[in-house]
Every structure is written in structure tokens, then in C-alpha cells.
Amino acid sequence: NPRVLCLGEILFDCLADQLGLTLEEVKSWTPYPGGAPANVACALVKLGTSAGFIGAVGEDDPGNQLVKLLEEVGVDITGVQRHSTAPTRQVYVVRDLAGDRSFAGFGEYDTSEFADTRLQGQKLPESLFENADFLVLGTLELAYPESEQAIHRALKLAEQYDLKIILDVNWRPVFWQDLNIPRQKILALLKQVDFLKLSQEEAQWLFDTSDPGAITYRLGSIEGVLVTKGEHGCTYCLGENEGHLPSYAVNVVDTTGAGDSFLAGFIHQLIEHGLQGLQNATTAQRIVAYANAVGALTTIKPGAIASQPTAAEVQAFLASHKI
Ligand code: ATP
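What you see is a predicted model, and the numbers here were worked out from it, not measured in a lab.

## Some remarks on the pairing of strand β6 (residues 90–95)
Side-chain direction in a regular strand flips from residue to residue, so the side chains alternate between the two faces of the sheet. Counting buried residues in β6 gives five out of six residues, a clear majority hidden from the surface. Of the strand pairs in this sheet, strand β2 (residues 11–16) and β6 are connected by four bridges, and their pairing is parallel. Of the residues in β6, the one forming a bridge with Phe-12 is Gln-90. By the bridge criterion, four bridges tie β6 to strand β7 (residues 101–105) in an arrangement that is antiparallel. Among the inter-strand pairings, Val-94 is bridged to a residue of β7, identified as Ser-102. In sequence, β6 turns back onto β7 through a hairpin of five residues, with Gly-99 there showing a positive phi of about 95°.

Structure, rendered in C-alpha cells:
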């Protein structure tokens, strides 16, 4: 039985092989498996914490490949739904001459046509929730009516079976058809969230501040807020403990999925130390340092999932890199 359930999108990021070209000019693409909640599930399993993925893919080749990948990593797939006609989500990403990415399109589809938008709430396996301790959510599936209902059903089950809810805001405007809605929806969802991870930009957008102490005060009942800042590390408020830890200096190759690995590292440590660990300033700092290390190690190899470290690799890295 997985201890952590990760609900949301799993997809192929199709990256342009040629740099500095537009969508129409690119000659070939390389697909990389991704989707934030799926990345978190894989990263957890690699660290040694059992995880299940809940989401929907099509009955197509990309869907088969993604399910196979989850199985190979060891992620529980009881919660994966297959849609008979809607295709597995794919996103096309172009790169400028420096290698920096930008969204280029959804191929022949509209964002609301993909299988992940059709996740069925009534088909969520209740037994998964009965036996888990954490539910990890993103916000993409709030953008579509069916998957939004599935999120709300998952929240009900999480409440019924006493799971802690962790939200990674991970806001991507391109997935939304009406940009007036998401801020209100995310703020409403936050009333039920126990741990919140967001970037500095997302924090400014939602709360007009990137200070996790101020965000905690504003939200009232939340147990932890982590504001990640890429190469500048992470500022946190966990229980009574506030602080900032710089990131580790590494030779960066590809930062895709660093945030997802960071979150997996945090959850893995939360399980290891127990929630009471957050009451102790040194333990809280250790937990965040571990998460920073998992994030940093994910940047030194290409890909979001292939680059995720094992627990042994994180231990070795931490032993040679003091805070
Ligand atoms: P993404 O959505 O791309 O996964 P994110 O915004 O959720 O990213 P980041 O803030 O980019 O998350 O990264 C999360 C953590 O990973 C950082 O707090 C840091 O510890 C580590 N990290 C990210 N980029 C770097 C880097 N260039 N060098 C070292 N560590 C990094």
C-alpha cells in the first residue's frame, strides 16, 4: 500500500531538438516523460518511500509508455485510468539558443481534449486512501470540470481517511482557458491544504508576498509553507520554525523537475522524522537541506525522472556538502 498518493497530470514533454527555432521551423522533437505529480511519485519511490500515481492517460502508445515507466520505477498504478478516445497529454516546448525553454503548443489538440482532463472522481480507488498518509496535488486539473470534480472527491476521501494534503501550486497559465478563475480556485483549495510548496513568483501572485511566515499567518491553519527559489534555495516556515537555506552549488545540466524532486525529498524526510520533527528547529532545517539536495542532484543530469537520485546518492552528497 503506497503511503503517498500523487494526483494529477502525467504527460510527454516534446522538446525541440534544434535550438532557436519556432514551432513551425523545428525539424524533430524528443519526448520526455513528465507531469509534476508523476515526477513526485517517481522521485519518492527512488528515495525509498512508497507512492501511487492517480491520473488519466489515453488508450494510446504514449499512454502505454507512461504506464510502463511508472511500473518500472515501482509506482503503484491502481489509480491510473485509461480513456478510450481522449489522447494522452503532450506538450511541445521550443528552446532558444541558450537552451531556455518556452511553451510552443499542444500539437493537433486543444488543452481541454487530453485524457487527464477526464479523470473520473467516482472511479478513484477508496482503498488507496484508506491506507495512505499523504495526498499530493497540483493545480492543473482544477482547469477542467471533470478532473476538478476528481480533485474534490480526492479531498473528501483524504479528509475521511485523515491524509495530510500537500499542494504544489505549479501554476502554468497555458493550461487555462479563462485566466480570471485560477487564483480564486487555488485560494479556495488552500483552505484544506496542510503543506504548501510554491515558487517566489507564485507566492507574489497569490499572496503579494513571498515570505512563508506571512503566508502561514494569512492561511491560519497550515502546517508548513516552502517557497523555492531555484538556484537561490528555499525559504520556509514549518511549525514555529522559519528560515532560509541556500541551494547547493552543482554543475547544472537541466533543471526540469527539480521542484518535484525537492518536494519528494521533503515528504520522504517528513515521513522519516514524523510530523513532530517540524517542531524542532534543527530537524526542520535538516528536512529542508535534504529536499534541497534532492532538487540539486536532479539538475546535474538531463530529464525530470531519469535524473532523480536514490537515497544512497543523497546521503553521499550530503556527507560531502555541509549546510
Ligand atoms: P520546476 O517547476 O521547474 O520543477 P520549481 O519552481 O518548482 O521548479 P525550483 O525553485 O526551480 O522549483 O527548484 C526547487 C529546488 O531545487 C530549489 O529550492 C533548489 O534546492 C533546487 N534547485 C533548483 N535549481 C537549482 C540549481 N540551479 N542549482 C542547485 N539547486 C537547484
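## What to know about unusual backbone geometry
Unusually for a residue other than glycine, Asn-170 sits at a positive phi of about 40°. By secondary structure assignment, the location of Asn-170 is in the loop between β9 (164–168) and α5 (182–189).

## Overview of the sheet that holds strand β11 (residues 224–228)
In space, the nine strands of this open sheet follow the order β5-β4-β1-β8-β9-β10-β11-β12-β13, with mixed pairing throughout. In the strand order of this sheet, the two ends are held by β5 (80–83) and β13 (241–245), each with one partner. Each strand of the sheet is rotated relative to its neighbour by a mean of 15°, with strand direction disregarded. Relative to strand β12 (residues 234–238), β11 runs antiparallel, the two being bridged by five bridges. Bridged to Leu-226 within β12 is Tyr-236.

Parameters and conventions
- Residues numbered from 1 in each chain as written.
- Predicted model: local features only at pLDDT ≥ 70, side-chain atom pairs only at ≥ 80, totals over all residues.
- Heavy atoms only, no water.
- Buried < 20%, exposed > 50% of the residue type's maximum accessible area, 1.4 Å probe, protein only.
- Helix = DSSP H or I, 4+ residues; strand = E, 2+ residues; numbered from the N terminus.
- Pairing = 2+ DSSP bridges.
- Axes fitted to C-alpha atoms, helices over the stretch in contact; angles between N-to-C directions.

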